[in-house]
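A look at the structure
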Amino acid sequence: MSLSRSFPENIDDTKLSQIIVQKVLDHYERLPKKGKPRPEEWTTLASFVVVDAHQNIEVVSCATGTRCLGKSLLDKNGNRVHDSHAEILARRAFQRYLIAEISHIYQNKKSRFLQLNEQSRVETVPGVKVVFFSSQTPCGDASIFPRQPQDIHPEMKRKSNISIESEGQLTYTSVGQARLCANRFKQEDSAAIEMTQISCNGDSISKTQDLPSNDFDLYRTGAKCVQGCAQDSRAPGSSYHVTEVLRTKPGKGDPTLSLSCSDKLARWNVLGCQGCLPMIFLSTPIYLDHIIISGCVADKRALIRALYARLLDTPLLPPGGYKVHRPDIQVLHHIFPHGKFQAGPNCIAGYTDSCERIRPCDTSLIWYKISNSESVTEVAVNGYKQGTTKKDLTSIKARLSVSRSSMFADVHKLFNSLNDEKKQCLGGR
């Protein structure tokens, strides 16, 4: 897919973010139907987008998904993808894009995103930004925030004639979305809570405690606190959850060992979103410049807390450019058409039961770019390629290209293709 820009340079970040979200949604619509939800199913969409210094926008990876494997199904050989939430698959697809771009760089091919420095390491081109988009608030800590009627977004007021007192940071995109969260997060009566909130004033961030909370409840997450961390009190109302702790992904049945998407995005804001394999060739980590959440109930203060503010006091970061990165975070209102709620004639006047899709989609759609004219599209089921039979589960053809074993094999091949001088610069023998 070629770069595209049909707007003036130097537009503000909010307008640029709106254009980015629309381009991601348009890109998704052009992908094949295989792997997408049926009419009664829903899913989450996530994407990585690269924006150059001239504000040319390029979607380089995207994925859908809501599933995660239980601990009894973990594959120690890396042949199976354990976490198939859209955010994680999109990042794996972004890693695949990085590996392809790095390979092009060492073949003396041009890249708008990466370049080779004097030490034979790869670095990002000056002015390039990496943007992450998701159609759903990340599970875990970012999904815990106060629920107050006055925080309903004005867009909801316009569509449904709901009276509101003030705007606040909490946003809804439809009456259906508001009802979704009431169902999803299991509301209880209000009670007192000691909860960390984030106040933003320019570049400064402060934490305040002991908020008066008799007049609000919390949106809740099914993600469970990791053993050894502070645990949820599960008391009625707003004291139900503790914040700023590690959590495993929500789900029924066999519990998972995969950390929540909030925790994984927080890790990317310290270690970078490139992962350990592409980092072999990079001079410094690649950080997200913008995070966009659109089409769902979200709270910017909770996103800041969950995705980087809780890590600001992290000691002893390793050398090599690592830091606690503070991306710009925006909450927008473009609705993903295959989300939990759908628009339709029965939804115009407000929420009806027919708006809510019945179940999450079992399949995940994965797409990423590998050159100006080539891309890869895969459909995943239970961590393998769709259509894999039982007898083929241990074979190479069952592996997704975004699995650890597949990426390791290609990175190993890329490293061995370099001459001895470049290998020495990269720390090899």
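Quick note: structure is the one above.
Structural notes, computed from the coordinates. (Residues numbered from 1 in each chain as written. Predicted model: local features only at pLDDT ≥ 70, side-chain atom pairs only at ≥ 80, totals over all residues. Heavy atoms only, no water.)

**As for the pairing of strand β16 (residues 290-294)**
Just so we agree on the cut-off: A simple rule labels every residue: compare its accessible area, found with a 1.4 Å probe on the protein chains alone, to the largest value its type can have, and call it buried under 20%, exposed over 50%, or partly exposed in between. Starting at the N terminus, helices and strands are each numbered in turn, a helix being any DSSP run of H or I of at least four residues and a strand any DSSP run of E of at least two.
Summarising burial for β16: five of the five residues are buried, a large majority. Side chains H290, I292 and S294 project from β16 onto one buried face, and the interleaved I291 and I293 project onto a second face that is buried too.

**Here we look at empty space enclosed by the protein**
Where we set the bar: Both site types are read off a 1 Å grid over the protein atoms alone. A 1.4 Å probe that fits but cannot get out defines a cavity, while an open set with protein on both sides within 12 Å along at least five of seven lines defines a pocket; lining residues have an atom within 4 Å of a point. Grid points are joined across faces, edges and corners, and a volume is the space filled by probe spheres set on the points. Note that Gly is not counted as nonpolar here; it falls among the polar residues with everything else outside the nonpolar set of Ala, Val, Leu, Ile, Met, Phe, Trp, Tyr, Cys and Pro and the charged set of Asp, Glu, Lys and Arg.
Summed over the entire model, instances satisfying the criterion amount to two cavities of 30 Å³ or more. Taken as a whole, the second largest cavity spans an internal volume of roughly 40 Å³. Lining the second largest cavity, in full, are L16, S17, I20, V51, K129, V131, H290 and I292. Mapped by element, the contributors of at least two residues to the lining of the second largest cavity are α1 (13-30), β8 (129-134) and β16. Broken down by element, the lining of the second largest cavity gets its largest block of residues, three residues, from α1. A per-class count over the lining of the second largest cavity returns five nonpolar, two polar and one charged.

**Some words on the pattern of salt bridges**
Test applied: Whenever Lys or Arg places a side-chain nitrogen within 4 Å of a carboxyl oxygen from Asp or Glu, that contact is recorded as a salt bridge.
For the coordinates displayed, the defined rule picks out 15 salt bridges. Here D217 makes a salt bridge to R220, at a shortest N to O gap of 3.2 Å. This pair shows no difference in class: D217 is buried, exactly as R220 is. One salt-bridge network, in which partners are shared between bridges, spans R38, E40, E41 and R359.

**A few points about the pairing of strand β18 (residues 328-332)**
A regular strand carries its side chains on alternate faces of the sheet. The cut-off we apply is this: Whether two strands pair depends on DSSP finding at least two bridges between them.
Of all five residues making up β18, four are buried, and the element is well covered by its neighbours. In this sheet, β18 lies alongside β16 in parallel orientation, the contact comprising five bridges. Its bridge partner being in β18, H290 is matched across the sheet by D328.

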